[in-house]
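Examination of the molecular architecture
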Amino acid sequence: DLEEMTLQNTLGKANNPPNNKNNIQGFDLIVAADVLVYFGSISSLLATFAQLSLPGATLVFSCERATEEEAPLGWRLLSSGRFAHTKKHALDAGFDAGWRLVEYKEIVPRMERGEEVQGHLFTFVLNEKHGDEL
C-alpha cells in the first residue's frame, strides 16, 4: 500500500536486527551521498533519521549548495529538477533534530555537463541525550 510507504515505516523494518540480545534498536550510521537533492526542506527528514538512530549515531550527507540570497527559504528548486540547500538550513534542521555538527566542508559532489556542481558535506553526531526521548 503506497500510503504506508513512509520513510519511517520503510527504514523501521530494517531497524530490528535478529541477533540483538540487548533489544537496542536503531542505526549507528546513516550516509546519504547526493540524495538530499531530491528533497526541498530537509527538516523532517533529519528528524526522522534521528528517530531511527541510536544516541551517538553518525549522519553524513551531501547536498547542492545555495546562498541565502538565492534561497531565502533555505532551499530552492534548480532547473535540473534537484534542490540546492543553504548551509544555514541544513544546520538548523540538524540542530533542531538533535544532531551535533562535527565536520563541514564545501565540496564538488559531481560534474554536470562539464561544470563543477557546488555542494556541502555535513557530518553530524546524534546527541547522547536523544536516547532518553526514545
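Scroll up a little and you will see the structure.
The structure reproduced in this document is the subject of the present report.

Calculation rules
- Residues numbered from 1 in each chain as written.
- Predicted model: local features only at pLDDT ≥ 70, side-chain atom pairs only at ≥ 80, totals over all residues.
- Heavy atoms only, no water.
- Helix = DSSP H or I, 4+ residues; strand = E, 2+ residues; numbered from the N terminus.
- Contact = heavy atoms within 4.5 Å.
- Buried < 20%, exposed > 50% of the residue type's maximum accessible area, 1.4 Å probe, protein only.
- Pairing = 2+ DSSP bridges.
- Core = buried A, V, L, I, M, F, W, Y, C linked by side-chain atoms within 4.5 Å.
- Salt bridge = Lys/Arg side-chain N within 4 Å of Asp/Glu carboxyl O.

Things to note about the environment of aspartate 28
Mapping aspartate 28 onto the fold places it in strand E1 (residues 27-32). Between the C-alpha atoms of aspartate 28 and leucine 59, which are 31 residues apart in sequence, the distance is 8.4 Å. Sequence-distant contacts of aspartate 28, that is, excluding residues within four places in its chain, are made with Leu54, Ala57 and Thr58.

Thoughts on helix H3 (residues 87-96)
Restricting attention to buried positions, one finds in H3 the residues His89, Ala90, Leu91, Ala93 and Gly94. Summarising the contacts, the buried residues of H3 are in contact with helix H2 (43-51), strand E2 (53-65), strand E3 (75-77), strand E4 (83-85), strand E5 (99-107) and strand E8 (119-126). Backbone geometry just after H3 places glycine 98 at a positive phi near 100°.

Thoughts on the pairing of E8
Each regular strand carries side chains that alternate between the two faces of the sheet. Counting buried positions along E8 yields seven of eight residues, so the element is predominantly enclosed. As paired strands, E2 and E8 are joined by seven bridges and run antiparallel to one another. In the strand pairing of E8, threonine 58 is matched with valine 125. The pairing of E5 with E8 spans eight bridges and is antiparallel. Directly across from glutamate 106, in E8, lies its bridge partner histidine 120.

Details of the side chain of histidine 89
Positionally, histidine 89 belongs in helix H3. In this structure histidine 89 touches Gly40, Ser41, Ile42, Ser43, Leu73, Gly74 and Trp75, once residues within four positions along its chain are discounted.

Focus: the nonpolar core
One finds Leu46, Leu59, Phe61 and Trp99 to be the most contacted residues of the largest nonpolar core, which totals 20 residues. For tryptophan 99, the contacting residues outside a window of four places in its chain are Leu46, Phe49, Ala50, Ser53, Ala57, Thr58, Leu59, Gly94, Phe124, Val125, Leu126 and Asn127.

Things to note about the pattern of salt bridges
Evaluated as defined, the whole model comprises eight salt bridges. Across the pair glutamate 106 and arginine 65 runs a salt bridge, and its minimum N-O distance is 3.9 Å. A residue pair is termed long-range when its members are at least 10 positions apart, and glutamate 106 in strand E5 and arginine 65 in strand E2 qualify at 41 residues. Lysine 105 is paired through a salt bridge with glutamate 103; the nearest N and O atoms lie 3.4 Å apart. The exposure class of lysine 105 is partly exposed, given its relative accessible area of 44%. Under the relative-accessibility criterion, glutamate 103 is labelled partly exposed at 38%. Within this structure, Asp34, Glu64, Arg82, Arg110 and Glu112 form a network of salt bridges that share partners.

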